[in-house]
Amino acid sequence: MSVEESHGPTPRRAKSLRTPLGKVRKFGPAGSGTSDFWQQRITGVAMTLLILPVVVVIMMLLGRNQAGAAQIIGSPLIALTLILFIISSAVHMKIGMQVVIEDYVQNEKLKLVTIMANNFFSIAVALAAIFAIFKLSSGV
């Protein structure tokens, strides 16, 4: 009689070929892994590429009244450049503040509230800036 026959069937677990490090990858302290890291790097590169055109547009707007600003921002290329910069900046800001909150706020309830406030604030800032660009570019 074999050992399995005398003690009954034993459940066999499928052996994983993953190492312990492989099992915990992509699970940082926040459980979100490296996606925030890469999003922040990509938005940083996007802002770096867009900063020169944005500075040029701002310099073109200096000393102009609302009608002159509306004429410049009325260009679809300029409006699109400004909107892309705003979106990239807002996402970059949100992720940066979220990292600070996750690292330094110890109370879990307070951490949840501050992360939610951070998300709402970032969205509100981006929407307000995009609305202003749309309003100026439409000439209203």
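Here the residue numbers are simple positions, counted from 1 along each chain's written sequence. Totals for whole chains, interfaces and linings use all residues, but because this is a predicted model, local features are given only for residues with pLDDT of at least 70 and pairs of side-chain atoms are given and counted only at 80 or more. For the side-chain quantities, the full set of heavy atoms in the structure was used; hydrogens and water were omitted.

J.: Would you explain helix H4 (residues 66-73) in this entry?
T.: Owing to its 3.6 residues per turn, the α-helix brings residues three or four apart onto one side. For every residue, the accessible area (1.4 Å probe, protein chains only) is compared with the maximum for its type, and the residue is labelled buried under 20%, exposed over 50%, or partly exposed between those bounds. Only DSSP runs of H or I with at least four residues qualify as helices, and only runs of E with at least two residues qualify as strands; both kinds are numbered from the N terminus onward. For H4, the complete set of buried residues consists of Gly68, Ala69, Ala70, Ile72 and Ile73. Buried residues belonging to H4 abut helix H3 (35-61), helix H5 (76-104) and helix H6 (108-138). When checking whether two residues touch, look at their non-hydrogen atoms; a contact exists if any pair is within 4.5 Å.

J.: I would appreciate a short explanation of the UniProt feature "transmembrane region" (unreviewed entry) in the protein in the present structure.
T.: UniProt positions are given in the numbering used here, feature names are shortened, and annotations may be inferred rather than shown by experiment. In the numbering adopted here, UniProt assigns the feature "transmembrane region" (unreviewed entry) to residues 42-62, 68-91 and 112-134. Here residues 42-62 is 95% helix and 0% strand, with 30 Å between the C-alpha atoms at its ends. This span, residues 68-91, is 92% helix and 0% strand, and a straight line between its end C-alpha atoms measures 30 Å.

J.: Just checking my understanding: could you explain the side chain of Asp36 for this structure?
T.: Checked against the element boundaries, Asp36 lands in helix H3. One buried charge, Asp36, has no salt-bridge partner; the nearest side chain with opposite charge is Lys94, at 5.6 Å. We treat Lys and Arg as the positive residues and Asp and Glu as the negative residues; His and chain ends play no part in the count. We define a salt bridge as a side-chain nitrogen of Lys or Arg found within 4 Å of a carboxyl oxygen belonging to Asp or Glu.

J.: Looking at this structure, how should I read the packing of H5 against H6?
T.: Between two packed helices, both the angle of their axes relative to each other and the distance between the axes serve to describe the pair. To get an axis, a line is fitted to the C-alpha atoms, and for a helix only the part in contact is used. The angle between two axes follows their N-to-C directions and goes from 0 to 180 degrees. One can describe the packing of H5 onto H6 by two numbers: an axis separation of 10 Å at closest approach and a directional angle of 170°. Taken together, H5 and H6 sit at an angle that is classed as roughly antiparallel. Between H5, through Ala79, Leu82, Ile83, Ile86, Ile87, Ala90, Met93, Lys94, Met97, Gln98, Ile101 and Glu102, and H6, the contact on the second element is made entirely by Lys111, Thr114, Ile115, Asn118, Asn119, Phe121, Ser122, Ala126, Ala129, Ile130, Ile133 and Phe134. When describing relative orientation, an angle under 35 degrees is termed roughly parallel and one over 145 degrees roughly antiparallel, while 65 to 115 degrees is termed roughly perpendicular and anything else oblique.

J.: Just to check I follow, could you spell out the packing of aromatic side chains for this structure?
T.: In this description, a pair of aromatic rings is defined by centroid distance and the angle of the planes. Aromatic contacts are taken between Phe, Tyr and Trp rings whose centres are within 6.5 Å, Trp giving its six-membered ring; a plane angle under 30 degrees counts as stacked, one over 60 as edge-to-face, and the others as tilted. Within the structure shown, the criterion is met by one aromatic pair. Taken together, a centroid distance of 5.4 Å and an interplanar angle of 85° make the contact between Phe37 and Trp38 edge-to-face. By relative accessible area, which is 40% here, Phe37 ends up partly exposed. You can call Trp38 exposed: its relative accessible area is 52%.

J.: Where do I start with the pattern of salt bridges in this structure?
T.: A side chain with one charge can pair with a side chain of the opposite charge if their charged atoms come near. All chains considered together, the criterion is met by one salt bridge. The closest approach of N and O atoms between Glu108 and Lys111, which form a salt bridge, is 3.6 Å. Remark: Lys111 and Glu108 occur in helix H6; sequence separation between them is three residues, near one turn of the helix.

J.: Please explain the packing of H4 against H6 as it appears in this structure.
T.: Where H4 meets H6, the closest approach of the two axes is 7 Å, and the angle between their N-to-C directions is 100°. Our classification of the angle between H4 and H6 gives roughly perpendicular. On H6, the residues that touch Gln66, Ala70 and Ile73 of H4 are Ile133, Leu136 and Ser137. For this classification, the nonpolar set comprises Ala, Val, Leu, Ile, Met, Phe, Trp, Tyr, Cys and Pro, the charged set comprises Asp, Glu, Lys and Arg, and every other residue, Gly included, is treated as polar. A class-by-class count of the residues in the contact of H4 with H6 yields four nonpolar, two polar and no charged.

J.: In this structure, what is going on with the side chain of Ser88? I would like to understand it.
T.: As for its placement among the helices and strands, Ser88 is situated in helix H5. We define a polar contact as two N or O atoms separated by no more than 3.5 Å, with the added condition that, inside protein, one atom must be a possible hydrogen donor and the other a possible acceptor, whereas residues neighbouring each other in sequence contribute only through side-chain atom pairs. From its side chain, Ser88 meets the backbone oxygen of Thr43 in a polar contact 3.0 Å long.

J.: Can you walk me through a nonpolar patch on the surface in this structure?
T.: A cluster of nonpolar side chains, Ile51, Leu52, Val55, Val56, Ile58, Met59, Met60 and Leu62, forms an exposed patch at the surface whose accessible area comes to about 750 Å². On the secondary structure map, Ile51 appears in helix H3. For Ile51, a relative accessible area of 38% gives the class partly exposed. Patch membership is restricted to residues that have no salt bridge and whose relative accessible area is over 30%. Joining uses 9 Å for like charges and 5 Å for the nonpolar side chains Val, Leu, Ile, Met, Phe, Trp and Tyr. Accessibility throughout is a Shrake-Rupley quantity obtained with a 1.4 Å probe, and a residue counts as covered only by protein chains that appear here.

J.: What is the right way to read the nonpolar core from this model?
T.: Inside soluble globular proteins, nonpolar side chains tend to come together where they are buried. If you look at the biggest cluster of nonpolar residues, it comprises 16 residues, and the most contacted ones within it are Ile78, Leu82, Phe85, Ile86 and Ile133. Mapped by element, the contributors of at least two residues to this core are H3, H4, H5 and H6. In this structure Phe85 touches Met47, Leu50, Ile51 and Val54, once residues within four positions along its chain are discounted. What is meant by a nonpolar core is a set of buried Ala, Val, Leu, Ile, Met, Phe, Trp, Tyr and Cys residues, joined one to another through side-chain atoms within 4.5 Å.

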